[in-house]
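Spelled out from the first residue to the last, the chains are:
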Amino acid sequence: AQKVTQAQTEISVVEKEDVTLDCVYETRDTTYYLFWYKQPPSGELVFLIRRNSFDEQNEISGRYSWNFQKSTSSFNFTITASQVVDSAVYFCALNPPYNQGGKLIFGQGTELSVKP
Amino acid sequence: NAGVTQTPKFRVLKTGQSMTLLCAQDMNHEYMYWYRQDPGMGLRLIHYSVGEGTTAKGEVPDGYNVSRLKKQNFLLGLESAAPSQTSVYFCASSSPRQGAGYEQYFGPGTRLTVT
């Protein structure tokens with residue numbers, strides 16, 4: 001079975017704190033992709049990052065970084081020096097490419113609240 | 001280049017009424033999807049299409065029908081709306097790219113309330 005679990009339903013931090021959003025996935029496929037999307041209060045879904053299963057290099061983009069560990073089936077997302085504008089719901093998603101139609105399997109989402 | 005658009009943005013229906021949600025994309029994508037988003041449940045796939053004239057069921061297809069008569073459009077129909085279909089509906093499209101999987105591009109969403 002394929003599944004994505006985001007165990008943290010809600011996280012609240014104070015501005016400038018670092019925060020890590022956890023994502024654990026299950027799949028039997030050897031080739032797959034993982035995504036993170038951001039959903040700000042305005043409601044749209046914003047693509048943040050894509051990672052394929054053969055690339056375990058961590059990635060950093062400004063204040064955002066992602067830690068992919070196949071050994072623990074995790075793809076965690078860290079925001080450094082959080083800002084109020086980071087307040088949003090964040091979704092982790094699994095895309096098994098050999099699954100017909102390229103469907104995304106989403107986690108339940110983590111609502112991040114950054115207070116000034 | 002508008003990307004993925006959805007019509008309407010908001011709608012209120014009475015139980016038993018019918019309606020159609022329209023999704024349009026101008027990126028020439030092969031694949032299109034309809035998801036619903038409910039609190040605490042993430043996005044769940046309703047139906048999807050891998051090409052013009054083809055549709056398939058997703059995780060939660062009951063109570064919905066879809067059609068893909070043109071490559072750029074994907075319609076989601078509710079024949080007899082029920083309060084359990086109150087949700088936010090997202091349309092998405094994608095095309096497979098080597099080394100990139102199926103990155104999906106999402107529309108702005110339609111907020112539907114069934115009373």
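Draft legend 1. Looking closely at the overall build of chain A. Looking only at helices and strands, one finds zero helices and 12 strands in chain A. Each helix (α) and strand (β) of chain A, taken in turn from the N terminus, gives the series β-β-β-β-β-β-β-β-β-β-β-β. Across its three principal axes, chain A shows a C-alpha extent of roughly 45 × 30 × 20 Å. Relative to its 116 residues, chain A shows a buried fraction of 48%. Long-range contacts, defined as pairs at least 24 residues apart, comprise 56% of the intrachain contacts of chain A with a sequence gap of at least 6. Approximately 5600 Å² of chain A is accessible, and the part contributed by carbon and sulfur atoms is 47%. If the 10 positive side-chain charges of chain A are averaged to one point and the 13 negative ones to another, these points end up 5 Å apart.

Draft legend 2. Representation of the interface of chain A and chain B in the model. Chain A puts 20 residues into the contact, and the matching count from chain B is 21 residues. At the boundary of chain A with chain B, total buried surface from both sides reaches about 1700 Å², with 57% on carbon and sulfur atoms. Here chain A and chain B share one salt bridge between them. Salt-bridge contacts for Glu-103 of chain B lead to Arg-50 of chain A; the nearest nitrogen and oxygen are separated by 2.5 Å.

Draft legend 3. Structural view of the state of the cysteines. For the coordinates displayed, the defined rule picks out two disulfides over all chains. With its sulfur 2.0 Å from that of its partner, Cys-23 of chain A forms a disulfide with Cys-92 of chain A. Disulfide Cys-23 of chain A-Cys-92 of chain A: the torsion about the S-S bond is -65 degrees, which places it as left-handed. Residue Cys-23 of chain A is located in the loop between strand S3 (19-21) and strand S4 (24-26), and its partner Cys-92 of chain A is located in strand S10 (residues 88-95); the two are separated by 69 residues in the primary sequence. With respect to class, Cys-23 of chain A is no different from Cys-92 of chain A; both count as buried. Here Cys-23 of chain B pairs with Cys-91 of chain B through a disulfide, and the sulfurs are 1.8 Å apart. For the disulfide bridge between Cys-23 of chain B and Cys-91 of chain B, the dihedral angle about the S-S bond is near -75 degrees, and by the sign convention the bridge is left-handed.

What counts and what doesn't
- Residues numbered from 1 in each chain as written.
- Chains lettered and ligands numbered in written order.
- Predicted model: local features only at pLDDT ≥ 70, side-chain atom pairs only at ≥ 80, totals over all residues.
- Heavy atoms only, no water.
- Helix = DSSP H or I, 4+ residues; strand = E, 2+ residues; numbered from the N terminus.
- Buried < 20%, exposed > 50% of the residue type's maximum accessible area, 1.4 Å probe, protein only.
- Contact = heavy atoms within 4.5 Å.
- Areas by Shrake-Rupley, 256 points an atom, 1.4 Å probe, with all protein chains shown as cover.
- Lys, Arg positive; Asp, Glu negative; His and termini not counted.
- Charge placed at Lys NZ, Arg CZ, Asp CG, Glu CD.
- Buried area = accessible area lost by both parts, 1.4 Å probe.
- Salt bridge = Lys/Arg side-chain N within 4 Å of Asp/Glu carboxyl O.
- Disulfide = S-S within 2.5 Å.

Keep in mind that these numbers describe shape and distance, not what the molecule does.
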